[in-house]
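Chain and residue survey
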Amino acid sequence: MATIVPVLHGGCLCGAVRYSVRCDEPVVDYCHCAMCRKASGGVVSAWIQVPPADFTLTHGTVADHVSSERGTRHFCPRCGAQLYMTDPDGRSVGVTVGTLDDPEAIRPTVHGWDSSRPSWLHITDDLPRYDEAPPYDL
Ligand SMILES: [Zn+2]
Ligand SMILES: [Zn+2]
């Protein structure tokens, strides 16, 4: 019997860009790195990590910014919302939890780049923490 993998939907603030992502109990990492702060404007970002084949842009087109040799950030050219991130090796697509229509559909699983977290941002959960990049294949 085939398992039914849930499909989640999301998009940017202005609605110009929409996507869907297939995932079932995915790795969902909080990222405390300085680049995610600058890119999002938020003090922490959270990402769903899925294989590239499980992510589909369903409406609109995105603008890109190569923020490091590890990743390219894709955002709405009209409202600026950061939607997803790709890596040069095609290992995974990171989708911003903040742009999901229903963030209750997932649960964070790990903290990454904890060494860059502002000291006043307190974590009270028991999720694993990595000083730098978390492994995507937890
Ligand atoms: Zn937009
Ligand atoms: Zn980051």
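Throughout what follows, the structure given in this document is the object of discussion.

Two elements, strand β1 (residues 7-11) and strand β2 (residues 18-22), share five bridges in a ladder whose sense is antiparallel. The residue bridging V7 from the neighbouring strand is R22, located in β2. Where β1 folds back onto β2 in an antiparallel hairpin, the turn is made up of six residues, including G15, whose phi is positive at roughly 90°.

Let us look at unusual backbone geometry. Of note in the backbone geometry, E25 takes a positive phi value of approximately 50° without being a glycine. Of note, E25 is situated in the loop between β2 and β3 (27-31). Although it is not a glycine, W113 sits at a positive phi angle of roughly 55°. Relative to the helices and strands, W113 resides in the segment after β10 (110-112).

Ordered in space as β1-β2-β5, the three strands form an open sheet in which the pairing is antiparallel. Across the chains shown, the open sheet's two edge strands, defined by having one partner strand only, are β1 and β5 (55-59). Neighbour to neighbour, the strand axes of the sheet diverge by 25° on average, direction disregarded. In this structure, β2 lies alongside β5, joined through four bridges in antiparallel fashion. Bridge pairing links V21 to F55 in β5.

Quick notes on the rules
- Residues numbered from 1 in each chain as written.
- Chains lettered and ligands numbered in written order.
- Predicted model: local features only at pLDDT ≥ 70, side-chain atom pairs only at ≥ 80, totals over all residues.
- Pairing = 2+ DSSP bridges.
- Helix = DSSP H or I, 4+ residues; strand = E, 2+ residues; numbered from the N terminus.
- Axes fitted to C-alpha atoms, helices over the stretch in contact; angles between N-to-C directions.

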